[in-house]
Structures are given as C-alpha cells and as structure tokens.
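Each chain, written out:
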Amino acid sequence: MLAKLPGFIRVPLVMLLLALNIVVHVTPLFLLTLFKVILPIRGIRLALSRGLVLIAESWIAVNSGMFDWFTRTRWQVDGLNELRYDGNYLVLCNHQSWVDIPVLQKIFNRRIPFLRFFLKSQLIWVPLLGPAWWALDFPFMKRYSKETLAAHPELQGKDMEATRRACEKFRHMPVSVMNFVEGTRFTPAKHDKQKSAYRYLLRPKAGGVAFVLDAMGDALDAMLDVTIVYPDGPYTMMDLIAGRVSEIRVHVRELPINAALRGDYEADPAFRDSFQAWVNTLWADKDAQIGGMRTR
C-alpha cells in the first residue's frame, strides 16, 4: 500500500522516517556508550556492549522494514538456512554500490552476529553515524598514500597494527567481520584501468583477508562468500530510497577455514603465493556465479 504513494510524497516520507530512526536509536546508544566509557568493570562493559548491539539490530530491522513497506523491490536470496547467530564469520563480498551495505544488513540481521566493517578514519566525523560506529566497535582505518609512506617510512604498517588491534577485540565477542575484497566499488572505468581478468569484478586484494584470518586465529568459525547482483543496476542509495531498485539477487555460501589459509602473508612468500592463488580461484568462481545470476 505504502509503495503505491506518489513519489513526491513517498520519498520525503521515507527520508524523514530514516532520519527519525537514526535519532530514536542513536540516543539510547550514546547513553549506553557513556556508561561503558566511565564504568571500568569488565563484566558490566560486556553487558553494555551486548545492549549496544541489540539497539543496532533494532535500528537495522526498522530500516529494512521501511524498504519492504515503501518499495516494490523483488528479492532473491539463497544460502541463509544454515547460518548461526552464535557463529563467528568472515564475510567476503563483491562491491558495486553503497546499496550493498543495507542489502547485507537486511539479509544477515539477527541471523549471524552483528556485521562490522573496516571504515575509513574520516568517517568518524559523520554526524551521529560516526560516533555510533565508534560506539559499536567498528574499526577505523587510516590509509596512507605511496607518496606519504615514501616521505614518512615510520608510518609503514600502521594500518595493519590497527587491524590487529581491532581483531584482538573481536576475539572476545560474537562478531561477523565484513570485507569488500576488491577494496573499492566496481565501475567500468576502474575495470578497464586495472585490466581485470574478470568480467564482472575488479581484481581482489588478498592481503586484508589473509591478515584478518591470521589475526583472529580460531576465533572464526567459517567464511561466508556473498555475491550480490542487481540485474538492472548498479544503483545509488537514492535509487533505493525512491523505490527504483527493481530486483536484488544474493547468493551466500559457507566456506571452511582450514590451516592452509592461515599464515604470515607479509613475511612468508610461499604462503603469500598460495593464498593469492586461493583468492583468485574464489574470485573466478564468483565471476561465473554472477554471470549465471544475471541470466536467471
């Protein structure tokens, strides 16, 4: 019914409700964060962290509900049946649009532990959302350009140190760590510039995946290989809000994490070569998967 409202009414209404949902959930989130900061007792902090996750899951559930109510987007999702809320996962996915994030949040919310992304350090300054991500233990990464590293070699490896600190924290809480393996959103221009060997994907960046697997050790139960396809897309966030996303197709498969996937990616050339070969095979399979999903 709500999806039938005229666009000039529906779009401002959705944007207003999304903004209200932020305020309604961020307010108690900040209050719990304040108590978490000032109370030094580990048990209480762990309980408050769980409360923060419950608030975030409610926030996502309301957002997802609004997209169901106000849009006619068709969803085809498979591979969710065997997932566990008490499991710990590394989630790997292709990346085409900012719409990927609400898609992942919608399909995984309350099915697996709360998804946490590695975010650019600048995003902590986003009003309301930045502090909320910090409160929810999202890791913020500061990336340095080649020029900066050449001028300041002491910064070499700082981003990896931040990753390791975040992963150490994740070892003591239920978590799903999200990684967009391409490192950036797919565009035809980026694809051509890279001379990518894949039809629908950019080249994968294996180092980040290897580092998380090594840093978290046996705290992870499995990997989730996620493939997202927009048959008529990709789309922008405004397309999603405006109900212009006609269909979303998602395939999820669970992969084991065996001993061969853990090692020192930086210092062990043999392991690095074998891990890169594994990621390239994973990406070739995903490219074929996308081709099949596009032609359904």
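Shown above is the structure to which this text applies.
No experiment lies behind these values; they were computed from the predicted model shown.

Caption draft 1: Expanded view of the packing of aromatic side chains. According to the stated counting rule, one finds seven aromatic pairs in the structure shown. Ring geometry for F117 versus F138: centroids 6.2 Å apart, planes at 15°, classification stacked. With F117 in strand β3 (residues 115-117) and F138 in the loop between α4 (129-135) and β5 (140-141), the pair connects residues that are 21 residues apart, well separated along the chain. Owing to a relative accessible area of 7%, F117 belongs among the buried residues under this scheme.

Caption draft 2: Summary view of the pattern of salt bridges. Taken as a whole, this structure holds 10 salt bridges when the rule is applied. Across the salt bridge formed by K286 and D225, the nearest N and O atoms sit 2.6 Å from each other. Here K286 is found in helix α10 (residues 269-294), whereas its partner D225 is found in strand β7 (residues 222-229), with 61 residues between them in sequence. Exposure class is identical for K286 and D225. Each is buried.

Caption draft 3: Up close: empty space enclosed by the protein. Summed over all chains, the structure comprises two cavities of 30 Å³ or more. Estimates place the volume of the largest cavity at around 70 Å³. Of all the secondary-structure elements, those providing two or more residues to the lining of the largest cavity are α2 (42-70), α3 (100-108) and β3. Residue classes in the lining of the largest cavity are distributed as seven nonpolar, two polar and two charged. Of the pockets and cavities examined, the second largest cavity occupies roughly 30 Å³. In terms of lining, the second largest cavity is formed by F67, W75, P102, V103, K106, L240 and I248. At three residues, α3 tops the list of elements feeding residues into the lining of the second largest cavity. The residue makeup of the lining of the second largest cavity, split by class, is six nonpolar, no polar and one charged.

Caption draft 4: Local environment of the layout of surface pockets. Taken as a whole, the second largest pocket encloses approximately 780 Å³ of empty space. Every residue lining the second largest pocket is counted, 28 residues in all, and those nearest its centre are K36, S49, D137, K169 and M173. The set of elements that each furnish at least two residues to the lining of the second largest pocket consists of α1 (7-38), α2, α4 and α6 (158-170). Looking at which element gives the most residues to the lining of the second largest pocket, the answer is α2, with six residues. Considering only residue class, the lining of the second largest pocket consists of 16 nonpolar, four polar and eight charged.

Analysis parameters
- Counting restarts for each chain, with residues numbered from 1 along the sequence as it is written.
- Confidence filtering applies because this is a predicted model: local features only for residues at pLDDT of at least 70, side-chain atom pairs given and counted only at 80 or more, and all residues used for totals across whole chains, interfaces and linings.
- Just so you know, side-chain values use all the structure's heavy atoms and leave hydrogens and water out.
- Aromatic pairing here means that ring centres of Phe, Tyr or Trp (its six-membered ring) are within 6.5 Å. Orientation follows from the plane angle: under 30 degrees is stacked, over 60 is edge-to-face, and everything else is tilted.
- Counting from the N terminus, the helices are DSSP H or I runs at least four residues long and the strands are E runs at least two residues long.
- With a 1.4 Å probe rolled over the protein chains alone, any residue whose accessible area is under 20% of its type maximum counts as buried; one over 50% counts as exposed, and the rest are partly exposed.
- When a carboxyl oxygen of Asp or Glu lies within 4 Å of a side-chain nitrogen of Lys or Arg, that pair is called a salt bridge.
- Points on a 1 Å grid, built from protein atoms alone, make a cavity when a 1.4 Å probe fits but cannot get out and make a pocket when they are open with protein on both sides within 12 Å along at least 5 of 7 lines; residues with an atom within 4 Å of a point are the lining residues.
- Grid points are joined across faces, edges and corners, and a volume is the space filled by probe spheres set on the points.
- Amino acids are sorted into nonpolar (Ala, Val, Leu, Ile, Met, Phe, Trp, Tyr, Cys and Pro), charged (Asp, Glu, Lys and Arg) and polar (every other residue, Gly among them).

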